[in-house]
Structure formats: C-alpha cells, structure tokens
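Observations on the three-dimensional arrangement
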Amino acid sequence: DVKVTQSSRYLVKRTGEKVFLECVQDMDHENMFWYRQDPGLGLRLIYFSYDVKMKEKGDIPEGYSVSREKKERFSLILESASTNQTSMYLCASSLWGGPQHFGDGTRLSIL
Amino acid sequence: ELKVEQNPLFLSMQEGKNYTIYCNYSTTSDRLYWYRQDPGKSLESLFVLLSNGAVKQEGRLMASLDTKARLSTLHITAAVHDLSATYFCAAYRTGGGADGLTFGKGTHLIIQP
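Worth saying up front: this structure is predicted, and the values here are computed from it rather than measured.

The helix and strand tally for chain A stands at 0 helices and 11 strands. At 13 Å, chain A has a C-alpha radius of gyration in line with the 13 Å of a compact globule built from 111 residues. Its C-alpha atoms put chain A at 35 × 25 × 25 Å along the principal axes. Counting every position in chain A, which comprises 111 residues, the buried fraction comes to 48%. For chain A, the accessible surface area stands at approximately 5,400 Å², while carbon and sulfur atoms represent 50% of it.

Turning our eyes to something else, we now look at the interface of chain A and chain B. If you look at the interface, chain A gives 23 residues, while chain B gives 20 residues. Each partner contributes to the roughly 1,700 Å² buried at the junction of chain A and chain B, and carbon and sulfur atoms together form 52% of this total. Looking only at chain A, the three residues that lose the most surface to chain B are L43(A), Q100(A) and F102(A), adding up to 25% of its buried area. Linking chain A with chain B are 0 salt bridges, by the criterion used here. The interface formed by chain A and chain B contains 5 residue pairs in polar contact (both at pLDDT 80 or more). Here the side of chain A that touches chain B takes 4 residues from strand β5 (residues 42-49) of chain A, the largest share from any one element. Here the residues of the side of chain A that touches chain B are counted per class, giving 10 nonpolar, 8 polar and 5 charged.

Before going further, it helps to spend a moment on unusual backbone geometry. For the bond running from N7(B) to P8(B), omega is 0°, close enough to zero to count as cis. Within the fold, P8(B) resides in the loop between β1 (4-7) and β2 (10-14). One non-glycine residue with positive phi stands out, namely D28(A), at about 60°. Along the polypeptide, D28(A) turns up in the loop between β3 (19-25) and β4 (31-38). For D28(A), a relative accessible area of 51% corresponds to the exposed category.

Before going further, it helps to examine the sheet that holds strand β1 (residues 4-6) of chain A. Residues and elements named next belong to chain A. Read from one edge of the open sheet, 4 strands run β1-β3-β8-β7, paired in antiparallel fashion. Every other strand in the sheet has two partners, leaving β1 and β7 (64-70) as the edge strands with one partner each. Put simply, the sheet's adjacent strands are angled 20° from each other on average, direction ignored. Bridge count for β7 against strand β8 (residues 73-78) is 5 bridges, and the pairing is antiparallel. In the strand pairing of β8, K70 is matched with R73.

Time to look at the pattern of salt bridges. Where charged atoms from two side chains of opposite charge approach closely, those side chains can pair. Residue and element names in this part refer to chain A. Applying the stated criterion across every chain, the model contains 7 salt bridges over all chains. With a shortest N-O distance of 2.9 Å, R44 and D38 are connected by a salt bridge. Take D38: its relative accessible area is 11%, and that puts it in the buried class. Where salt bridges share partners, they join R36, D38 and R44 into one cluster.

A few words now on the layout of surface pockets. Each pocket or cavity is described by its volume, and for the largest pocket that value is around 550 Å³. In terms of lining residues, the largest pocket is bounded by 25 residues, among which Q37(A), P39(A), Q37(B), T86(B) and F88(B) are the most central. Residue assignment for the lining of the largest pocket shows that the elements contributing at least two residues are β4, β9 (87-94) and β11 (106-110) of chain A together with β9 (85-93) and β11 (107-112) of chain B. Here the lining of the largest pocket is built from residues that sort into 9 nonpolar, 11 polar and 5 charged.

Conventions used here
- Residues numbered from 1 in each chain as written.
- Chains lettered and ligands numbered in written order.
- Predicted model: local features only at pLDDT ≥ 70, side-chain atom pairs only at ≥ 80, totals over all residues.
- Heavy atoms only, no water.
- Helix = DSSP H or I, 4+ residues; strand = E, 2+ residues; numbered from the N terminus.
- Rg over C-alpha atoms; globule rule 2.2 N^0.38 Å.
- Buried < 20%, exposed > 50% of the residue type's maximum accessible area, 1.4 Å probe, protein only.
- Areas by Shrake-Rupley, 256 points an atom, 1.4 Å probe, with all protein chains shown as cover.
- Contact = heavy atoms within 4.5 Å.
- Buried area = accessible area lost by both parts, 1.4 Å probe.
- Salt bridge = Lys/Arg side-chain N within 4 Å of Asp/Glu carboxyl O.
- Polar contact = N/O pair within 3.5 Å; in protein donor to acceptor, adjacent residues only side chain to side chain.
- Nonpolar A, V, L, I, M, F, W, Y, C, P; charged D, E, K, R; others polar.
- Pairing = 2+ DSSP bridges.
- Axes fitted to C-alpha atoms, helices over the stretch in contact; angles between N-to-C directions.
- 1 Å grid on protein atoms, 1.4 Å probe; cavity = no way out; pocket = protein on both sides within 12 Å on 5 of 7 lines; lining within 4 Å.
- Points joined across faces, edges and corners; volume = space filled by probe spheres on them.

See below:
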C-alpha cells in the first residue's frame, strides 16, 4: 500500500514564525501536492511538484513556498505565519494518470 | 478556470434507500475522481473515471462519467450506516500553470438507521 506520511498531526505556532510542514511518500511517485482544507471551501491546491526541484503554483500559493530536494519528500513552508493560515493541510502523491494518495493531514493553528 | 460543483452538499437519508450525488465540472477534464473522507481522517480514493461512459462499482457505490455533459454521478444503493462520510469529487486539470485536482466542496452524507 502507498504510504504518505506527514510529520505532524497537530501543530500550534505563533504569527510571524516560519513553519515547515513535511511530507514523505514511499512509492516512488513523480507527483506530489499540497492542499489546504477549510470548512465550506473544500480542498484547494497550494503547490504541486512533478519532479525533484520542480514546482508549480496552485490556486492559492500566496504566503507559501515549497521545497522538493528529494523525490520522496515535499515540504511546505509558511514564510511568516498568519492567523488566516490556520487550516488542515493535506499532502498527496501520485503517479502520472493515477489517483492521488493522501496523508493523514496536519491540523495547523496559528495564534 | 476549472470549477467543480457538487450537489447536494448535505444529505440525510435512511438505511435501505437509494440516492445519487451529482458532480458537474465547468471545462474539459480527462479524469474524474471520487474520494471518501471520514471525520478526522484523510481522503480515501474510491474511483477513477477516465473516459466517457465509464462506470465503476464497488459494493453499494457506483460511479459514472458523462464527459459530454461534464457530469459524474455517485449512486448509493440500499444505503447502510457505514457509508456515512463526506464524499468529494475532483476533476483533473492540466496546464494553465499547475496540474492537480480541483475538488468540489464535498457532500456530507448521514445515513440513519
């Protein structure tokens, strides 16, 4: 089975902090994704990567950056956390044309 | 811009009944996905629909795709309590700056005994 592991289930940070969310997949998938999920808004794509060191902006990239130095790892970075970034963050990976497999999510609170 | 609309967003039904969730998408997409999410859990892939007329079934759930109408349906037959969850459809978009899925807002399904 595909395993997508997010480093933290729950995280509490303060405004202005730099926050790192880590995601690791064990199935050699080319594609990796970061979404945020908010009540009433569904899931929205933040960033996407289709290869090492490659990244593409999704629908809501503002305030975020990403890093993919190794194929199995995709990191989401909040450069200066703000309260409106309090959300559930979901990482996913996939092969080309295949379904996306999601991690368990990180519930991030910015105080 | 690809938009995905699901309806209904909330559905309460009794065990044993049949019902359909609808998923409309606004521009051409060559792949349509259905996911299930239980409270506090992540998303579980249910179906991948790749072509017009595709139909897939798993237990009491059946998904179909009409690419000409830009419509996918998720049909529930003889519902049971264990199917209570939130169901998302998602259409795959390519190009335009980012690949990835555009999700509907989800259908929160409650099945009562």
